[in-house]
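# Breakdown of the fold
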Amino acid sequence: MNAFFHIDQARALDRQDPLAEFRHAFHMPVWDKQEVIYLTGNSLGLQPKATSAAIQQELSDWKNLGVEGHFKAQLPWMPYHEFLAASLARLSGAKETEVVAMGSLTANLHFALASFYRPSPERPAILCEAKAFPSDRYALVSQLEFHGYGEADLIEVQGQSEDGVPTEEELLQAIEVHGSRVATLLIGGVNYFTGRFYDMGRITGAAQSKGITVGWDLAHAMGNVPLHLHDWGVDFAAWCSYKYLNAGPGGTAGLFVHERHHQEALPRLAGWWGHNKSSRFQMGPHFDPIPTAEAWQVSNAPVLSMAAQRASLDIFDQVDLSAHRSKGLDLSMRCMNMLDALATELGEAMRMITPREDASRGCQVSVQFLERDRRFFDSLVKRGVLADWREPGTIRMAFIPLYSSYEDLARLEQILREILTA
Ligand SMILES: *Cc1c(COP(=O)(O)O)cnc(C)c1O
């Protein structure tokens with residue numbers, strides 16, 4: 001059979017891949033005795049092989065130590081979230097004091113907005129991208145309503161392209177036009193639908209120069225693209241850990257708050273885990289915030305879930321992040337080239353909605369098959385290709401540098417070729 005991307009070429013690239021060994025650190029699902037082609041690490045990252053032992057350690061400390069585990073567990077539970085901070089700081093380009101593992105993504109957006117969305121009648125609006133992830137839109141509209149405003153004050157920047165997701169220039173123009181009316185900007189750093197990656201530093205600077213407080217949703221950015229939250233001067237950001245961070249379903253999320261806000265008297269939805277550690281257990285009536293991002297943490301650490309995250313971050317700690325970035329770009333670029341070649345050869349009506357420039361994407365490829373319906377996608381799944389389907393005709397595929405291989409891509413081509421010519 002002819003192929004654009006040959007399996008021999010793929011295997012040769014796998015042999016040269018400096019990250020190839022990390023695939024063995026993960027459980028790859030096996031269906032019908034064949035490893036699946038796992039392209040949904042942007043929805044749920046695979047399980048590291050070390051996860052089970054990490055959780056088992058906490059279970060056994062709990063079994064043997066009871067409440068004493070808070071101090072005497074191998075990794076004491078009382079400061080457990082602190083064991084994640086260095087790795088999260090490295091991945092987000094932050095200082096350790098600027099990040100905290102806590103809560104869930106949408107909840108963390110609410111906690112951050114409670115502090116950083118402070119509307120006034122002259123500046124009531126929140127600016128976001130059109131086609132934002134639904135949960136983000138629900139959160140933003142509810143925040144507007146909570147403050148006595150409404151949907152009319154949500155400025156959703158519409159893109160001119162077919163998919164409706166704005167480009168960087170369109171966002172910058174909207175900031176220029178609406179800036180004086182906007183209190184807070186909240187945008188997905190990598191768009192979940194198209195995989196578009198914004199120049200977050202540039203947008204942050206442009207918005208702040210208009211007096212706007214800037215937050216980013218990093219659900220599709222953490223563990224995928226290079227981030228420099230501190231240097232970009234981002235006010236706040238939040239992410240989940242079950243996508244690119246491989247911390248398991250519903251894993252503990254994270255929050256970034258820039259250090260310039262740590263000493264400010266901000267409104268806050270407080271809880272005891274944000275209270276000064278030295279006096280927390282004096283159980284006093286007044287909240288004394290820790291002068292770090294931990295001040296936003298409301299509750300004690302969900303240790304079982306954080307143990308899973310620790311196991312995954314241990315892997316990231318060993319990874320050279322520039323090699324990680326290069327591999328994600330290379331695999332996804334080769335995938336786009338393969339899809340282009342296949343569409344041309346077979347006369348398939350197809351539209352790439354992921355930007356092709358390296359600077360504007362991570363490792364996700366979103367492609368629309370304009371004349372195919374869900375049956376096409378179902379036949380991919382039946383052949384062991386786990387991707388994601390969204391109407392209309394859109395397949396999202398993520399090439400995860402830690403465990404995707406070039407052979408996966410060559411096998412994907414074979415399967416697509418068979419289905420599209422059937
Ligand atoms: C995945 C995702 C979420 C999910 O929110 P949870 O609170 O973790 O359920 C929210 N926003 C974006 C942009 C996402 O991609």
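Residues numbered from 1 in each chain as written. Predicted model: local features only at pLDDT ≥ 70, side-chain atom pairs only at ≥ 80, totals over all residues. Heavy atoms only, no water.

### Observations regarding empty space enclosed by the protein
Threshold: Think of a 1 Å grid over just the protein atoms. A cavity is a set of points where a 1.4 Å probe fits yet cannot get out, a pocket is an open set with protein on both sides within 12 Å along at least five of seven lines, and lining residues have an atom within 4 Å of a point. Grid points are joined across faces, edges and corners, and a volume is the space filled by probe spheres set on the points. Helix and strand definitions here come from DSSP, where helices need a minimum of 4 consecutive H or I residues and strands a minimum of 2 consecutive E residues; each element is numbered from the N-terminal end. All amino acids are sorted into three groups, where Ala, Val, Leu, Ile, Met, Phe, Trp, Tyr, Cys and Pro are nonpolar, Asp, Glu, Lys and Arg are charged, and the leftover types, Gly among them, are polar.
All chains considered together, the criterion is met by one cavity of 30 Å³ or more. One number sums up the size of the largest cavity: a volume of about 30 Å³. Taken together, the elements giving at least two residues each to the lining of the largest cavity come down to β12 (364–369), β15 (394–398) and α13 (406–421). Residues that form the lining of the largest cavity fall into these classes: eight nonpolar, no polar and no charged.

### Overview of the packing of aromatic side chains
Heads up, the condition is: Planes of paired rings set the category: under 30 degrees apart is stacked, over 60 is edge-to-face and the rest tilted, where pairs are Phe, Tyr or Trp rings (Trp by its six-membered ring) whose centres lie within 6.5 Å. Charges are assigned to positions over rings by a cutoff of 6 Å between ring centre and Lys NZ or Arg CZ, combined with an angular limit of 35 degrees from the ring normal.
If you walk through the whole model with that rule in mind, you get twelve aromatic pairs. Arranged with centres 5.5 Å apart and planes meeting at 80°, the rings of Tyr 80 and Phe 83 form a pair that is edge-to-face. Through a chain of ring-to-ring contacts, three or more aromatic side chains come together here, namely Phe 26, Tyr 38 and Tyr 403. Sitting over the ring of Phe 133, Lys 243 keeps its end group 5.1 Å from the ring centre. One residue, Arg 268, lies across the ring of Trp 296, its end atom 4.5 Å from the ring centre.

### Digging into the pairing of strand β6 (residues 154–157)
Test applied: Strand pairing is assigned whenever DSSP identifies at least 2 bridges connecting the two strands. Looking down the strands as they point away from you, a crossover is right-handed if its path from the first strand over the helix to the second goes clockwise.
Pairing analysis gives four bridges linking strand β5 (residues 125–129) to β6, with the strands arranged parallel. Pairing of Leu 127 across the sheet is with Ile 155, part of β6. Handedness of the crossover joining β5 and β6 through helix α6 (residues 134–146): right-handed.

### As for the packing of helix α5 (residues 105–116) against α6
Our working rule: All axes here are fitted lines through C-alpha atoms, helices being fitted over the stretch that makes contact, and every angle between N-to-C directions spans 0 to 180 degrees. Reported orientations rely on four angle classes, namely roughly parallel under 35 degrees, roughly antiparallel over 145, roughly perpendicular from 65 to 115, and oblique for the rest. Left-handed describes a crossing whose near helix is turned anticlockwise from the far helix through less than a right angle; right-handed describes the clockwise counterpart. Any two residues whose heavy atoms approach within 4.5 Å are treated as being in contact.
At a minimum axis distance of 10 Å, the contact between α5 and α6 shows a crossing angle of 30°. The orientation of α5 relative to α6 falls into the category roughly parallel. Crossing of α5 against α6: the hand is right-handed. Facing α5, whose interface residues are Thr 106, Leu 109, His 110, Leu 113 and Ala 114, α6 presents Ser 135, Asp 136, Ala 139, Leu 140, Ser 142 and Gln 143. Taken together, the residues that form the contact of α5 with α6 break down as five nonpolar, five polar and one charged.

### Section: the state of the cysteines
Quick note on the threshold: Cysteine sulfur atoms that pair up within 2.5 Å are treated as a disulfide. The buried label goes to any residue with under 20% of its type's maximum accessible area, the exposed label to any with over 50%, and the partly exposed label to all in between, with areas taken from a 1.4 Å probe on protein chains only.
Counting across every chain of the model gives zero disulfides. A disulfide-free cysteine, Cys 128 has its sulfur positioned 18 Å from the sulfur of Cys 240, the nearest such atom. Of all cysteine sulfurs, the one in Cys 335 lies closest to Cys 363, which takes part in no disulfide; the gap is 11 Å. A residue is classified by how much of its surface remains accessible, and Cys 363, at 1% relative accessible area, is buried.

### Observations regarding the site of the ligand
Rules: We define proximity as follows: a residue is near a molecule or strand when any one of its heavy atoms falls within 4 Å of that partner. In protein, a polar contact means a hydrogen-donor-capable atom and an acceptor-capable atom, both N or O and within 3.5 Å, with residues adjacent in sequence counting only if both atoms are side-chain atoms; elsewhere, any N or O pair within 3.5 Å suffices.
In the vicinity of the ligand, the contacting residues are Leu 105, Thr 106, Phe 133, Asp 136, Asp 217, Ala 219, His 220, Tyr 242 and Lys 243. Contact between the ligand and His 220: an oxygen atom at 3.1 Å from a side-chain N or O atom of the residue. Side-chain polar atom of Lys 243 to an oxygen atom of the ligand: 2.5 Å apart, as the coordinates give it. Taken together, the residues of the shell around the ligand sort by class into four nonpolar, two polar and three charged.

### As for a nonpolar patch on the surface
Note the cut-off: Each patch groups residues whose relative accessible area exceeds 30% and which form no salt bridge, using 9 Å between like charges and 5 Å between nonpolar side chains of Val, Leu, Ile, Met, Phe, Trp and Tyr. Surface accessibility in these figures is a Shrake-Rupley result with a 1.4 Å probe; residues are shielded only by whichever protein chains are displayed. Salt bridges, as used here, are contacts in which a Lys or Arg side-chain nitrogen is within 4 Å of a carboxyl oxygen on Asp or Glu.
The grouping of Trp 272, Phe 281 and Met 283 at the surface amounts to a nonpolar patch, some 340 Å² of accessible area in total. By secondary structure assignment, the location of Trp 272 is in the loop between β10 (254–257) and α10 (303–317).

### Describing the domain arrangement of the protein chain
The cut-off we apply is this: Domain boundaries shown here were taken from an automatic or database domain assignment. Buried area is understood as the total, over both parts, of accessible area removed when two parts are fitted together, assessed with a 1.4 Å probe.
Split by domain assignment, the protein chain resolves into domain 1 (7–47 + 321–420) and domain 2 (53–316). On a C-alpha basis, the centres of domain 1 and domain 2 stand 29 Å from each other. Across the boundary between the two partners, domain 1 contributes 31 residues, which contact 24 residues of domain 2. Both faces considered, domain 1 and domain 2 share a buried interface measuring about 2200 Å² in area, 59% of it formed by carbon and sulfur atoms. Scanning the region where domain 1 abuts domain 2 turns up one salt bridge. In this structure, Glu 162 engages Arg 351 in a salt bridge whose closest nitrogen and oxygen atoms are separated by 3.7 Å. Counting across the domain 1 and domain 2 interface gives nine residue pairs in polar contact (both at pLDDT 80 or more). Partitioned by chemical class, the residues of the side of domain 1 that touches domain 2 number 14 nonpolar, twelve polar and five charged.

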